[in-house]
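# Close look at the chain arrangement
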Amino acid sequence: MQTDERSRRGGQRFGPADRVRSGRDFRRLSRGQRRRRAAHLVVVEGPSFGVEPAGSDTPGPRLGLTVSRKVGNAVARNRVKRRVREWFRRERGRLLPGRDYVVIARPGAAELDARALWSELAEATGR
RNA sequence: GGAGGUGGACGGAGGAUCGCCGGCAGGCAGGAUCGCCUGCGGGAGGAAAGUCCGGGCUCCACAGGGCAGGGAGGUCGCUAACGGCGACCCGGGGUGACCCGAGGGAAAGUGCCGCAGAAACCACACCGCCGAUGGCGGCUUCGGUCGCACAGGCAAGGGUGAAAUCGUGGGGUAAGAGCCCACGCGCGACAGCCGGGUGACCGGCGGCGGGGCAAACCCCUCCCGGUGCAAGCUCGAAUAGGGACGUCGCUUCGGGCGGCCCGUCCGAGUGGGCUUCGGCUCACCGACGUCCGGGUGAGAGCGCUCGAGCGGCGCAGCAAUGCGUCGCCUAGACGAAUGAUCCUCGCUGGCUUGCGGGCAACUGCUCGUCAGUACAGAACCCGGCUUACAGUCCACCUCCGGCA
RNA sequence: UGGGGCGUCGCCAAAUGGUAAGGCAGCGGCCUUUGGAGCCGCCAUUUGCAGGUUCGAGUCCUGCCGCCCCAG
């Protein structure tokens, strides 16, 4: 039901259920999972541990963010996170359901403009 | 008009599309952690930053006093408190508005002051000056006089240094010296007194003329218990049903060992788990009271925003601030929201088009174009401090120049 | 949130408040057919930055900047 409603509305909602939040999930994903890198970021991909929405077998893709202090000050880090979330919100339909994606930003990511960051994300996810 | 000083205010605006966080109301769904929809209104800063001080609040500890340790340091005030703020004093800087200062004590004691210099703090004299007095020698009219620089006197001049026992001028003297005088400078000791001020201090009279460093140890005065919202409180799940002591009920049965408590071994019985069906393994006292835990784990709620709050007015005060009164409610997240993309405008600077003012440097409006639009993100809450910042505006004041 | 430490030449590093040692690297020279080794010489002006105390500061004090570490 909710999945249908989501897709009908374009699927651009982004709530707590769509995020990787626990430290355990982050640690589980970081070990031995598929990772691809672009110039200023790394994407780790792995099977999701999210909860299935009612009426569906597979949970939607979830997003996790890691932006360390080396990327910049708090304002710069927040800006990077917002842009990555924006990308995930709009491009989620093209990602695999049932997978978790952790985006690790590297130094320099804050100096990119939004379009450059998004093209690197597309490159690193292969989609 | 130019240059500057102080204090204060602000720090982008509008629109379109897609979103985020929490509140209220309604609806739908429905184990929760973690649902969805609609509507309404709310959603970062002047520094939210650095975490340098001070408090509130929290739990723990606590009779009082002292020591250790840490901190503060002109005076008087303000304040919940402060290392903050205000006014004033003193010293320094600036033509000035104004700015800067950890600004108690060097006679309680200890220590240090390299190199240079004779000498660096308790005494002294390298070059030098003198040699009146005494000494030696020459001459002598026997009164003296000349020479030497031995005794001795001096600290002016030279020289060293960041600093050398006040500076300049005059008197004075054998040469000199605060030895005396005038003006100045300084004062911790000698020696205070008068006047003003709550006080730091200031003015006057008199007296004296003996370095520096306490952001060296230290002395004096004053302040400080620890802990930090991951504080702390409440609820809940699972694993485990622990250990010690005591009391009561009197504990599945039999046997062996050791004196007992009790422990251990063998066999049977009951129950649970696993099984290749041979067996293997675990449990076999219970209740109550007191004390003591360790590990795993999945969390959730409260704390959590109405507060030393913000704004206006009035009164007191030079001011910081206080009092009174009226009005207002202004983020509460937790892998962590407050945005993303695009368009238009604003602002600043460069170039440029046109019109105007001026002898000129230049300047006002205007068309276009390019570039820039900062520093920075609440994490329990306040009061400060410090640091960062594209630019804009306001008030008062100072100096210089022009005109009248 | 709380606590601790470190910034000295390109690298490593020493310095009771009194001229910023030393080594490696680099540069120049000697030696050598050449290179290496060896020997000699050169190499800090901003001691992370800004102030202050002092006659004098890498050292003492204050405020910043950067890096590293620890506890929950």
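Refer to the structure printed above.
What counts, and at which threshold
- Residues numbered from 1 in each chain as written.
- Chains lettered and ligands numbered in written order.
- Predicted model: local features only at pLDDT ≥ 70, side-chain atom pairs only at ≥ 80, totals over all residues.
- Heavy atoms only, no water.
- Axes fitted to C-alpha atoms, helices over the stretch in contact; angles between N-to-C directions.
- Helix = DSSP H or I, 4+ residues; strand = E, 2+ residues; numbered from the N terminus.
- Parallel < 35°, antiparallel > 145°, perpendicular 65-115°, else oblique.
- Left-handed = near helix turned anticlockwise from the far one by under 90°.
- Contact = heavy atoms within 4.5 Å.
- Nonpolar A, V, L, I, M, F, W, Y, C, P; charged D, E, K, R; others polar.
- Salt bridge = Lys/Arg side-chain N within 4 Å of Asp/Glu carboxyl O.
- Buried < 20%, exposed > 50% of the residue type's maximum accessible area, 1.4 Å probe, protein only.
- Expected span 1.5 Å × (residues − 1).
- Arc of directions from axis to C-beta.
- Polar contact = N/O pair within 3.5 Å; in protein donor to acceptor, adjacent residues only side chain to side chain.

### Quick look at the packing of helix α3 (residues 74–91) against helix α4 (residues 114–125)
Closest axis-to-axis distance for the α3/α4 pair is 10 Å, and the angle between their directions is 55°. When the axes of α3 and α4 are compared, the pair comes out oblique. When you trace α3 past α4, the crossing you get is right-handed. Touching Val-80, Arg-83, Val-84, Glu-86, Trp-87 and Arg-90 of α3 are Ala-114, Leu-117, Trp-118, Leu-121, Ala-122 and Thr-125, all from α4. Partitioned by chemical class, the residues of the contact of α3 with α4 number 8 nonpolar, 1 polar and 3 charged.

### Concerning the pattern of salt bridges
According to the stated counting rule, one finds 1 salt bridge in the structure shown. Here Glu-86 and Arg-89 are joined by a salt bridge, their closest N and O atoms 2.5 Å apart. Taken together, the positions of Glu-86 and Arg-89, both in helix α3 and 3 residues apart, correspond to about one turn of that helix. By relative accessible area, which is 22% here, Arg-89 ends up partly exposed.

### What about α3?
The terminal C-alpha atoms of α3, which comprises 18 residues, lie 26 Å apart, in line with the 26 Å expected from a rise of 1.5 Å per residue. For α3, the full list of buried residues reads Ala-76, Val-80, Val-84, Trp-87 and Phe-88. The arc enclosing the buried residues of α3, seen along the axis, measures out at 110°, which places them on a common side. The exposed set on the far side of α3, more than 90 degrees from its buried face, consists of Val-75 and Arg-82.

### Quick word on α4
For α4, with 12 residues, the first-to-last C-alpha span of 17 Å sits near the 16 Å given by 1.5 Å per residue. Taken together, the buried positions of α4 are Ala-114, Leu-117, Glu-120, Leu-121, Ala-124 and Thr-125. Viewed end-on, α4 has its buried residues packed into an arc of 125°, placing them on one side of the element. Contacts from the buried residues of α4 go to β1 (34–37), β2 (41–47), α3 and β4 (99–105). Among the residues of α4, the N-terminal cap falls to Asp-113, whose side-chain oxygen and the backbone nitrogen of Arg-115 are separated by 3.2 Å. Just past α4, the residue Gly-126 takes up positive phi, approximately 70°.

### Brief notes about the environment of Gly-64
Positionally, Gly-64 belongs in strand β3 (residues 62–67). By relative accessible area, Gly-64 is classed as buried at 0%. Beyond its immediate sequence surroundings of up to four residues, Gly-64 is in contact with Val-20, Phe-26, Tyr-101, Val-102 and Val-103.

Geometry only, nothing functional implied.
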